[in-house]
Structure formats: structure tokens, C-alpha cells
There are 2 protein chains.
Amino acid sequence: MDWEALRGQFHLPKGVIYLDGNSLGPMPRAVPVRVGDVMEEWADLLIRGWNEGDGGGGWMGWPGRIGDRIARLIGAAEGTVTVGDTLSIRVYQAVASALHLAGPERAVVLSDEGNFPSDLYMAEGLVSTLGRGELRVVPPEAVMDALTEEVSVLMLTQVDYRTGRMHDMAALDRAAKAKGIVTVWDLAHSAGAHEVDVTAAGADFAVGCTYKYLNAGPGAPAFIYVRPELQDRVRPALAGWLGHARPFAFELGYAPGEGIDRMRVGTPPVLQLAALDAALDVWDAVDMGQLRARSLALSGRFASAVAARCPTLTPALAPDVPRGSQVSLRHPEGYAIVQALIARGVIGDFRAPDILRFGFTPLFLSEADVDAAVAHLAEVMEREEYAQDRFRTRRAVT
Amino acid sequence: MDWEALRGQFHLPKGVIYLDGNSLGPMPRAVPVRVGDVMEEWADLLIRGWNEGDGGGGWMGWPGRIGDRIARLIGAAEGTVTVGDTLSIRVYQAVASALHLAGPERAVVLSDEGNFPSDLYMAEGLVSTLGRGELRVVPPEAVMDALTEEVSVLMLTQVDYRTGRMHDMAALDRAAKAKGIVTVWDLAHSAGAHEVDVTAAGADFAVGCTYKYLNAGPGAPAFIYVRPELQDRVRPALAGWLGHARPFAFELGYAPGEGIDRMRVGTPPVLQLAALDAALDVWDAVDMGQLRARSLALSGRFASAVAARCPTLTPALAPDVPRGSQVSLRHPEGYAIVQALIARGVIGDFRAPDILRFGFTPLFLSEADVDAAVAHLAEVMEREEYAQDRFRTRRAVT
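About the thresholds
Residues numbered from 1 in each chain as written. Chains lettered and ligands numbered in written order. Predicted model: local features only at pLDDT ≥ 70, side-chain atom pairs only at ≥ 80, totals over all residues. Heavy atoms only, no water. Pairing = 2+ DSSP bridges. Helix = DSSP H or I, 4+ residues; strand = E, 2+ residues; numbered from the N terminus. Contact = heavy atoms within 4.5 Å. Axes fitted to C-alpha atoms, helices over the stretch in contact; angles between N-to-C directions. Buried < 20%, exposed > 50% of the residue type's maximum accessible area, 1.4 Å probe, protein only. Domains from an automatic or database assignment. Buried area = accessible area lost by both parts, 1.4 Å probe. Salt bridge = Lys/Arg side-chain N within 4 Å of Asp/Glu carboxyl O. Polar contact = N/O pair within 3.5 Å; in protein donor to acceptor, adjacent residues only side chain to side chain. Nonpolar A, V, L, I, M, F, W, Y, C, P; charged D, E, K, R; others polar. Least-squares fit on C-alpha atoms with pLDDT ≥ 70 in both.

S.K.: Explain the sheet that holds strand 13 (residues 355–359) of chain B to me, please; I cannot follow it from the model alone.
M.R.: What holds strands together in a sheet is hydrogen bonding between their backbones, with the strands either parallel or antiparallel. Residues and elements named next belong to chain B. Read from one edge of the open sheet, four strands run 9-10-13-12, paired in antiparallel fashion. Looking at which strands have only one partner, the edges of the open sheet turn out to be strand 9 (314–315) and strand 12 (349–351). Note: strand 10 (residues 326–330) against strand 13, five bridges, orientation antiparallel. Bridged to Leu 329 within strand 13 is Leu 356. Sheet strands touched by helix 10 (residues 288–309): strand 10 and strand 13. Its angle to strand 10, the strand with the most contacts, is close to 20 degrees.

This is how it looks when you write it as C-alpha cells:
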């Protein structure tokens, strides 16, 4: 693949080495043009945009059309992914439907301590609202053994947002299925980061966001996948009108739409969808196998060089643990080290209590970026730059 | 107020009389500039936009800051409104929290046949998911008598999306309170359409969308209001990380945030929020009392002229019934009549089975628009233009 051409498709501020594409991807150059186009459609077509926008196809069909573009990146078939709402909402939808499929006899949702907290909170909120069942949270390495007959739903994020540790989706899905457990995978740190094959793994539900590796912008819409065999058995907890079989008949009672469409809820966010659609253009030229190889090469190069030059930074994972497209390090001064790096133009991020997190996104990063980032990090550590007060003052979002 | 100056703040396509601002408002001229600005912030600030975007205040604070701007338009105090997600999601949030506040002894959600179907579907989905309780739907005029001791939550849309009939919010709230019933008001056709005072009415929860009278664009974020006295007792069903007391501590267990912040769920949609923020600029110069007077003058002018010139079009409401900022007419050929009008540049819309719906939005409509619209409608009826096949072919979104 032509990595230089891919990099050229992004707006990258001068003097910045951006190792935080795993938190918020940079802006693809195609985005402002497309968002401008859709605002013109709004201005000129007004209400008719729902039927005639998107260059004629109508904005109303975007969640499915864009869902199909994401499907290719996670090994899903056409017609199995839809887009909209936030990832937290998608988690709730998936877990609520999974609990219903699992049946009323058992209501333990199993998750792990490496899951993103919002996923745990949403499941906790669901269980409280139901007034029955239990959210059980175990260490990541204990998940396999915790798959007992009591468990109804296994809800995991494949790649740990802090450490980058990667679960074996296929193995866990196999073990879950053997016990009649319905699976819900959060692919927030997977989609666009490495090869994913939800079909081969047999995942029942998968959800993810699009503002990280997919570069669709702050607050970009989330996606949800439902295994084809389950789609017509799924009862939506969030039974919105656009998931209805006949939304524009305005019937008083709910009747779920066909297939994945029943996971739609309310009116789709057209401006954000335009940005997402433009961001996905970059992916048309990307082979996920080659992307993964380069991601491992770049992150491996970083990890080895840091191990050699920064002995006080501890890797968050042992070398033999499978990981996503990030490298995480631990240090008691993690927050201040990240701030000192940012002051030098190397942007990573910090996750409490002590994790320095660096994302390696081959679409716009090169070996030269990696080498320069290591050089900066080594200087910050050698000179103890992080000890300055200005780097220790905490901000709201870190 | 300077109506001509207000009208000048909108992009209005030439040759169009837009009587559908109650479905999707036209684009305020300030929107593309502001959305362009926020895309530049994304491009240049990258992840730091969450803290430093919005010209320095940070995107993360937008839901509350923009919520305060909407609060003024619905008679709510500062710190009682937040923004994000779709209206359907906000309905679910409000009803789930209201059911919890009402206590476990009773679980009837009362609504009416004039409610927007998605609100009914969301409540139906909630009740099915809970596996207890009941959604009870009565005719609009029967609501007051149906407020019995069995009812836990009263969920109504103040202004009927089809007919424009307006509920007496204060009277129904008073009657509900006397029976210990928690109230949830959908203000989709109220916010920006007429004076609303949720504080004086004593409403417990209120929700609404911003793409109708507030003109924030297709799929613009919704809002939710919680009465100040209830805020710290509300248990969020959709317990997302941004509603957590300490979202960036990444704790494993949920702890609700202070006040209205606990109704936040996931990552806010920054592009759509920029559009909403720009759209609200128009409202800074608007006095809601004067807006209401002009809305009634324009819609009254339309209704009287239609009554005189189009005898086969039946008003959907008796003249003495309070209504919002729309006029609805009935005709068996309603769909085709609306299509024939659209072909003439007069855009209203159709709602099954037989309603022609016209919105009167004083920010960008004049008496001349109203008179021209009536003249077109009279010609369509006199010449029976609607009988042409091309106007009878249904489209997906009407």
C-alpha cells in the first residue's frame, strides 16, 4: 500500500507527532468538503433532503449505507451493521437485547476490569433499572474460567483501552457458545486498528465508535452489528420510530423493522454522518492485513527503543501478550511525562492511575515519527522535565 | 422586534415558501461558519479540542453551556438542561427515571393518541424490557380523567404533531401532582414555537428536539430538562461515563454526577453541537411573547383565508381549541395536495392518514408568504391539480 499517499489524505498540524489517533483520529482532508456539501443540501433541499440528499439517495438511508462500509472492516456481511447514537447507547441496546435472548432463567452479565468504564456503567444502569440480575466483573485473565452456566451475557472490549491487551475473540466466543452465553463485543479499539472478523468469531453483537481509528471526528456516531441469524429474534429495548417496520405510517404500537434496521432509534445525525462517510473514503484503499503488519512494526519499533533508552518506564504488558495498535507504559509521574511530551509536540495520552498511552496508526505515522517520538521521550526522562510544576497541573480531560 | 432582520439570518432558497419549519428548520447563515470553525479546531487542536476547543472553553462543556441557552426558551433555570442524543433516547431516559421516582407500587405510564409514535414506542420498549407495568394510551381529551392513583408517570407531547392541538401543561401538571404522578413533557413542537414555562408549570421532566423550530439542522441533538428539586434523586437508566461524577477517574462502579450532568451519556456530537450553538444565536434577539403573537397572527391569517377559499379542506381543530404554531387541514387527497403544492414551491407536509400540515415560523415567514401560499393552495384545489398521478406516488419520507 502507498502509505505516503494515505498520510497525504489527513490534515496533520505542523510540528506535531500524533500518537493519540486511538483517542481522537486526525481530520481527513475530505471531511470539510463533504460536511460543507451536506449543509448546502440542507440549505437548498430543506425537508426534501431526507429523500433527496446524499446526492440523491436521501439522508434517511445513511445509517445502513454507512453501516455497510464499516461492515467490511470488521468482517461483517452487508446488512448487519447500522450507525448512529453513541457507543454507550449501543452497549445498552446490545446488552439489553442479549439478556432477552438469553432468557429469563439467568441474568448475570459477565465483564472484566479492562472494559471501558462506560460499558460497565451502562450494564450496571440496565441491571438496576431491570431490578434483577447482576453485573459480574472479573480480572481479564479470569474471564474464561468465569464462563459458567449462570452467565447469560459476556460483554467485553476486545482491546483494553489502557494497556492494549487483546482478548482472543474467537476462543472466548466458542467457550461462551458452549455454555449458551450470548456475546457482546466492544470494538472501540479494534475497528480500523487491526483485522477483525466478527463472522468467523461467531460474535452475537458487536459495537464500536468511529472517532478513534476511523477518524470521523469528535462525537462521531457509533455502530452496532447483530449476527444475521439473530436479527429477526432481537427485541430492541430502545424501540425508536426509525427502527419500526413502518416509521412513516405513524402507528400507535411498535412493530420491529426487518433485520438490522430495528436497531435504529431516532433521527440520524446527518452532519456527523457526512463526516463519517468522508472519513471512510480513506479506508477503501486499505488492506487490513497490511495495516496490522505495519502497526505492529511501528509499535514494536517504539517499544524496543523505549525499553533500551528509558529504563524507568515499565511496559504495561508482558512481551508475549497479544495487543492492539497501542503501546502503554507505566510510571508514577505518567501524567506529567505526557504533558511534557505534549509541550514538545508529541501527543500521547494518560489514563489513571499511571498509564502513558501511545497509539500507532499507520495511515498517518511513519518510522521517522516513531524515532523522533522516542528521542523526545528519552530527553524528557533523562532531563526529568516532567518534574516541572506546569506539567503536573491536572486538566478536566486528560 | 425586527422581523426583516431575523429573516435575513436564514438561508432561504429562491422561489420557496417554507411552511415546514416545524419538521426541519431552514439553515441559519451562521451555521456553516461555526461548523467550519469547529472542524478547524479538530484539525489543529486534535485531542486537545476537548479542553481547548470552542474558542478556549473546551468542547466537553458544550452540553451544559448550550443547555443553558435552550433553558431560557422553555422557562427553565440555569443548570437544568443538557443537550445530546436523540429525542427518543431522551424520552426513554426521562420515563425510566420517572418510573423509578414514582416507586415500585405502581407502573402505569399514561399517554395519549396524539403523542408522537416514537415516544409511545420508547415507553413500550421500556415496559417490555422491565417486564412489568403498562403503557396506557387514551384519546387526548380523556387524559385529565385518566389521571388515577394507578398512574405513575404522565408522558405527553404538549403540541400534537398532526393537528397542532395544545395541552394545558400547567393544569395537567397540577392534576398529576395531586395524585403523586411524575410528569414528562415532550416539547418537540413547543420549544421555539411559543412561550413555555416548565418552571411555573411544575413539570418534572421535559425533553425536546432542536431541528424543528430551533433550526439546528438534520439530526440535531435533543435536550432534557429535570426539575431542580429532583435532580439529585434521579437515577439514570442510561448511566454513561459522561454522567459519572468523575468520568476521567475511570472507576469501575457508577456514581451519578451532580445535578443535570448525570443525564449526559456518551461523547457529545461536536459538529452537530456547533451547528446548534450557531442556530441559537438567532434566538438571542427574540422575545417569546412577541413571537407567539406573530405566530398566531400568521397562522390565523392562513386559516381564515383557507376557510373562505377552500371549502373542501376541513380544519383539523375546532376554532376554540388552543394550538401551537401550525395549522392542519384534512382531506382524503391530502398526500397529493401537499405534493402539488411542493411542485409550486410551497412546502408543507403530510401526516397519515389525511392531514396536511403547515408550520408558521415568524422568524422567516411574512404576511406576503402566507397570502401567496393560500393563493397556490386555492388554485391547486380549484383546478384539482392533485388528481395528477405524479402527485399521488408515495415516497419513503413524507
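S.K.: How should unusual backbone geometry be read in this particular structure?
M.R.: Most peptide bonds take the trans configuration, and most residues that are not glycine carry a negative phi. Residue Pro 353 of chain A is bonded to the preceding Ala 352 of chain A through a cis peptide linkage, with omega at 0 degrees. Positive phi, close to 50 degrees, is recorded for Phe 250 of chain A, a residue that is not glycine. Along the polypeptide, Phe 250 of chain A turns up in the loop between strand 8 (223–226) and helix 9 (270–281). The residue Asp 54 of chain B is not glycine, and still its phi comes out positive at about 55 degrees. Mapped onto the fold, Asp 54 of chain B is located in the loop between helix 3 (49–52) and helix 4 (62–73). Here Asp 54 of chain B falls in the partly exposed class, since its relative accessible area comes to 23%.

S.K.: Could you clarify how one ought to interpret the pairing of strand 13 of chain B in this entry?
M.R.: Each regular strand carries side chains that alternate between the two faces of the sheet. Residue and element names in this part refer to chain B. Of all five residues that make up strand 13, five are buried, and the element is covered over most of its length. Neither face of strand 13 is exposed, since Ile 355, Arg 357 and Gly 359 on one face and Leu 356 and Phe 358 on the opposite face are all buried. Summarising the sheet, strand 12 and strand 13 pair through three bridges and their orientation is antiparallel. In the strand pairing of strand 13, Asp 349 is matched with Arg 357. Between strand 12 and strand 13, which follow one another and run antiparallel, lie three residues.

S.K.: Please explain the domain arrangement of chain A as it appears in this structure.
M.R.: How big an interface is tends to be stated in terms of the accessible area lost upon association of its parts. Residues and elements named next belong to chain A. Partitioning chain A into structural domains gives domain 1 (31–284) and domain 2 (287–392). Here the C-alpha centre of domain 2 lies 30 Å away from the C-alpha centre of domain 1. On the side of domain 2, 22 residues touch domain 1, which itself brings 18 residues to the contact. For the pair domain 1 and domain 2, the summed buried area comes to about 1600 Å², and 65% of that belongs to carbon and sulfur atoms. Of all residues in domain 1, the largest losses of buried area upon contact with domain 2 belong to Arg 162, Thr 163 and Tyr 213, amounting jointly to 30% of the total for that side. There are zero salt bridges connecting domain 1 and domain 2. Here domain 1 is connected to domain 2 by six residue pairs in polar contact (both at pLDDT 80 or more). When grouped by side-chain class, the residues that make up the side of domain 1 that touches domain 2 number eight nonpolar, six polar and four charged.

S.K.: Could you clarify how one ought to interpret the interface of chain A and chain B in this entry?
M.R.: Each partner contributes residues to the interface: chain A has 83 residues there, and chain B has 83 residues. With both chains or domains summed, chain A and chain B bury close to 7300 Å², and 68% of this area falls on carbon and sulfur atoms. One can count zero salt bridges joining chain A with chain B. The interface formed by chain A and chain B contains 28 residue pairs in polar contact (both at pLDDT 80 or more). Elements represented by at least two residues in the side of chain A that touches chain B include exactly helix 2 (30–45), helix 3 (49–52), helix 5 (87–102), helix 6 (117–130) and helix 9 of chain A. Here the side of chain A that touches chain B takes 11 residues from helix 6 of chain A, the largest share from any one element. Across the side of chain A that touches chain B, the residue classes tally to 51 nonpolar, 20 polar and 12 charged.

S.K.: Help me understand the relation of the copies chain A and chain B, please; the structure alone is not making it clear to me.
M.R.: Superposition of the two copies of the chain requires a rotation about an axis and a shift along the axis. In screw terms, the move from chain A to chain B is a rotation of 180 degrees and a rise of 0.0 Å along the axis, fitting with an RMSD of 0.0 Å. A rotation of that kind, with that shift, is consistent with a two-fold axis. Considering only C-alpha atoms, the part of chain A nearest the rotation axis is Leu 130 of chain A, at 2.6 Å. Take the interface residues of chain A: 100% of them recur as interface residues in chain B, which is what a same-surface contact looks like.

S.K.: Looking at this model, I keep getting lost on the environment of Met 122 of chain B. Mind explaining?
M.R.: With respect to the element layout, Met 122 of chain B can be found in helix 6 (residues 117–130). Along the sequence, Met 122 of chain B and Gln 326 of chain B sit 204 residues apart, while their C-alpha atoms lie 25 Å from each other. Excluding its chain neighbours within four sequence positions, the residues that come into contact with Met 122 of chain B are Leu 238, Ala 239, Gly 240 and Val 265 of chain A together with Ser 88, Ile 89, Val 91 and Tyr 92 of chain B.

S.K.: Whenever I open this one, the environment of Trp 62 of chain A confuses me. Can you help?
M.R.: All names here are of chain A. Topologically, Trp 62 is positioned in helix 4 (residues 62–73). Assessed through its relative accessible area of 4%, Trp 62 is described here as buried. A sequence separation of 206 residues divides Trp 62 from Pro 268, and the C-alpha atoms of the two residues are 8.0 Å apart. Contact partners of Trp 62, with chain neighbours within four places excluded, come to Val 38, Asp 54, Gly 67, Val 270, Leu 273 and Ala 274.

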